[in-house]
Every structure is written in C-alpha cells, then in structure tokens.
Amino acid sequence: MRVYVPLTLSGLAAAHGAGEVGPGPLTAYAVTPGLREWYVSDDIEELEYAALSRAAAASLRMIAQSPDEVRRRVVVAVDVPDGSAVADPDQGLSASSLGEVRIAAALPLAKAAAVHVDAGDAEKDVAAAAAALGAADLGDDDAQFTVDGAEDHELLWFGVQEIPQLIR
C-alpha cells in the first residue's frame, strides 16, 4: 500500500538526517474505503492523486502552525506492507479525515518511492493559504478561495536521492 506522509521542508531535513520519517505513530493518507466512496472512482491513479492532495492539505496545516517554516508543501510517498496503515473506522466519511491512516512505527526513508514538493513559485500562494486557513475553517468564502489557490500548484516529483538539494 502506498501512503503519503505530510511534512514540511524542515521535517524532510530531519527525516533525511535520521534516515527515517518518524517517530511513530504517524498520520498519513492513502486510498482507503472512505476515500474511494467519497471520490467515486475506480481509477487507482486518480485515487492516489486524491490521497496525495489530502496529504498536501495536511502539510499546509503544518506550515500554518510554524511561522518560521518555508512556505512549500512536502509529501513523502512510501510503500508499506498491507495492514501497517490503519484507517480509523469511527471516522467513516468525515470530511476532515478522508484517506487518513495511522502508521505505528517510523518509516525508513530508503523505502520512500518519491518526494513531492512545491516549486519555489508556489511559496507566495502557500503563504497566503496558510494565513487564511483559520478563517476558511470558520466558513469565510474569500479565505477558502485563498486556501484553494495553493491547490492550483502541482507538487513536483523528486527521487529520494534528490532530498539533499531540496533541503539546502
């Protein structure tokens, strides 16, 4: 099963230094039954993109909580054994937890399939989205429009061997 772990650039640097994403338990995103039902698609690539997007939104929330963090979303894609990523059955179709899974232990960075990171030109929109999250959560349509603006930026794909260039 592929999971998408939301991070920040400083979190990616820490994972690179430790050789693992962790410690556990970790919150990640994956193609869960709830995500399948919400997205209404059988196309695995579309479903995985939806899980990646959920992780990118979680990365944005991490960025919003840290004023000194670089305003670029980061998601690490890792293949884990089936059964090691567990969805909370009590969450069901809760919009805030669609695709969310828990992983008990740290994940070796060497097992990562890819790293997805915003390009530098997304920083302005990601910064605005991070600042608008609170108001968007309270139902402000203009703030939600600003948050959605970050989603207009596609995360770029990088190999694990490229992490040193990303974190400097």
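Residues numbered from 1 in each chain as written. Predicted model: local features only at pLDDT ≥ 70, side-chain atom pairs only at ≥ 80, totals over all residues. Heavy atoms only, no water.

Caption draft 1: Geometry of helix α4 (residues 123–137). Taking 1.5 Å of rise per residue, the 15 residues of α4 would be expected to cover 21 Å, and the 21 Å separating its terminal C-alpha atoms lies within 8% of that figure. Taking the largest bend as the criterion, α4 deviates by roughly 40 degrees, centred on Ala-131. Every buried residue of α4 is accounted for by Val-126, Ala-129, Ala-130, Ala-132, Leu-133 and Ala-136. Structurally, α4 contributes buried residues whose contacts are with α3 (44–64) and α5 (141–151). (Helix = DSSP H or I, 4+ residues; strand = E, 2+ residues; numbered from the N terminus. Expected span 1.5 Å × (residues − 1). Bend = angle between axes of the 7 residues up to and from the residue. Buried < 20%, exposed > 50% of the residue type's maximum accessible area, 1.4 Å probe, protein only. Contact = heavy atoms within 4.5 Å.)

Caption draft 2: Expanded view of the packing of aromatic side chains. Across all of its chains, the model carries 0 aromatic pairs by this definition. Between Arg-54 and the ring centre of Trp-38, over which it is positioned, the NZ or CZ distance is 5.9 Å. (Phe/Tyr/Trp six-rings, centres within 6.5 Å; stacked < 30°, edge-to-face > 60°. Lys NZ or Arg CZ within 6 Å of the ring centre and 35° of its normal.)

Caption draft 3: How the structure looks around the layout of surface pockets. Estimated volume of the largest pocket: approximately 810 Å³. Around the largest pocket sit 35 residues that line it, and Ser-53, Arg-54, Ala-56, Ala-57 and Ala-58 are the ones nearest its centre. Looking at the lining of the largest pocket, the elements that each hand over two or more residues are β3 (26–29), α2 (33–39), α3, α4 and α5. Counting residues per element, the lining of the largest pocket draws most heavily on α3, at 12 residues. Taken together, the residues of the lining of the largest pocket sort by class into 19 nonpolar, 7 polar and 9 charged. (1 Å grid on protein atoms, 1.4 Å probe; cavity = no way out; pocket = protein on both sides within 12 Å on 5 of 7 lines; lining within 4 Å. Points joined across faces, edges and corners; volume = space filled by probe spheres on them. Nonpolar A, V, L, I, M, F, W, Y, C, P; charged D, E, K, R; others polar.)

Caption draft 4: View of the pairing of strand β8 (residues 112–117). Burial runs high along β8: 5 of the 6 residues are buried. Here 3 bridges tie β8 to strand β9 (residues 156–158), and the two strands are oriented antiparallel to one another. Note on β9: the bridge partner recorded for Val-117 is Leu-156. (Pairing = 2+ DSSP bridges.)

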